[in-house]
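Examining the three-dimensional arrangement
If you want the building blocks of each chain, they are given just below.
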Amino acid sequence: ADSSQLRSFENMVEHFISGNKNSYVTPIALLQLMQVTHNATLAESLYKKLNADIQRSSLAIYAKNQINEAKINAIGSVVPEFSQMDTSGKKISITSLRGKYVLIDFWASWCRPCREENPNVVNAYKKYASKNFTVLGVSLDQAKPAWISAIKMDGLTWTHISDLKGWQNDVAGMFHITSIPQNLLIDPKGKIIAKNLRGEALDNKLESLLK
């Protein structure tokens, strides 16, 4: 959907919720709003308009949890400055990649689902690297040899950084990463435009941005 369609959908939902603050059906509209637009700010303001009894209903509580989750690394927010060492010990900062679309990819050599997803990221990189796209791998490894060997084995030819602190990785902590694989797609200005794109979803998103 283009932005004008999204806006009219948001307006429609806003109108519906404002007129039905006492209805147990209203949280469903909130959930739909989140699903379609990922607009946590609007959803939260509409949640606050609900009658207190409705706010306590299980559906509204579920919607509120979805809103809270979406506010972490919110779509539209600019990622904060961070830097870590690459495999050769050189410090790489996220701002050095400004001007490109960047997939910040949280992974680790020991994480099987990450390794299974890697071929998809490799394909996307091969296809779009010449079109202003790159990947920054942030690894939750602790052992440097295992990290480097996984990069070679899986053919991950982009830049990789880590502080080799495992789950205590400072960058992962900054982004509230509690499970991997996870990724964030940022635009050339450093703004988050999508999250957790896997498989075909990653290719489709890049295709629409970089065609």
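Now for a description of the structure that goes with this document. (Residues numbered from 1 in each chain as written. Predicted model: local features only at pLDDT ≥ 70, side-chain atom pairs only at ≥ 80, totals over all residues. Heavy atoms only, no water.)

Below, the discussion takes up the packing of aromatic side chains. For the structure shown, the criterion picks out 4 aromatic pairs. Between the aromatic rings of Phe82 and Phe175, the centroid separation amounts to 5.7 Å while the plane-to-plane angle is 85°, which identifies the pairing as edge-to-face. Of the two residues, Phe82 is situated in the loop between helix 5 (58–71) and strand 1 (83–85) and Phe175 in the loop between helix 8 (170–174) and strand 6 (182–186); the sequence distance between them amounts to 93 residues. On the numbers, 5.3 Å between centres and 65° between planes, the contact of Tyr125 with Trp158 is edge-to-face. Of this pair, Tyr125 sits in helix 6 (residues 112–128) while Trp158 is found in the loop between helix 7 (144–154) and strand 5 (159–161), placing the two residues 33 residues apart along the sequence. The two residues Tyr125 and Trp158 agree in class, both being buried. Ring-pair connections join several aromatic residues into one group, and the members of that group are Phe82, Phe106 and Phe175. (Phe/Tyr/Trp six-rings, centres within 6.5 Å; stacked < 30°, edge-to-face > 60°. Helix = DSSP H or I, 4+ residues; strand = E, 2+ residues; numbered from the N terminus. Buried < 20%, exposed > 50% of the residue type's maximum accessible area, 1.4 Å probe, protein only.)

What follows deals with the nonpolar core. Counting residues in hydrophobic clusters, the biggest one holds 44 residues, and the most contacted among them are Ile94, Ile104, Phe106 and Phe133. Breaking this core down by element, the ones donating at least two residues are strand 3 (101–107), helix 6, strand 4 (133–139), helix 7, helix 8, strand 6, strand 7 (192–195) and helix 9 (200–210). Beyond its immediate sequence surroundings of up to four residues, Ile94 is in contact with Val79, Pro80, Glu81, Phe82, Val102, Ile104, Leu136 and Ile186. Membership of the second largest hydrophobic core comes to 19 residues, among which are Ala29, Tyr47, Leu50 and Ile67. (Core = buried A, V, L, I, M, F, W, Y, C linked by side-chain atoms within 4.5 Å. Contact = heavy atoms within 4.5 Å.)

Take His15: it is sitting in helix 1 (residues 3–19). The exposure class of His15 is exposed, given its relative accessible area of 65%. Linking His15 and Leu46, residues 31 residues apart in sequence, is a C-alpha distance of 9.9 Å.

A separate point is the sheet that holds strand 6. What holds strands together in a sheet is hydrogen bonding between their backbones, with the strands either parallel or antiparallel. Read across the open sheet, the 5 strands follow the order 5-4-3-6-7; overall the sheet is mixed. Strand pairing shows two members of the sheet lacking a second neighbour, strand 5 and strand 7, which therefore form its edges. Each neighbouring strand pair of the sheet contributes to a mean axis angle of 20°, computed without reference to strand direction. As defined by bridge partners, strand 3 adjoins strand 4 across 7 bridges and the pair is classed as parallel. Paired with Asp105 across the strands is Gly137, a residue of strand 4. (Pairing = 2+ DSSP bridges. Axes fitted to C-alpha atoms, helices over the stretch in contact; angles between N-to-C directions.)

Attention shifts here to helix 9. Listed in full, the buried residues belonging to helix 9 are Leu202, Leu206 and Leu210. Considered in projection along helix 9, the buried side chains sweep an arc of 35° and stay on one side of the axis. Tucked into the core, helix 9 has its buried residues touching strand 3, helix 6, strand 4 and strand 6. (Arc of directions from axis to C-beta.)

Most of strand 4 sits out of view: 7 of its 7 residues are buried. Because side chains alternate across strand 4, one face comprises the buried residues Phe133, Val135, Gly137 and Ser139, and the other comprises Thr134, Leu136 and Val138, equally buried. Tracing the backbone out of strand 4, into helix 7 and back to the parallel element strand 5 gives a crossover that is right-handed. (Right-handed = clockwise from strand over helix to strand, strands pointing away.)

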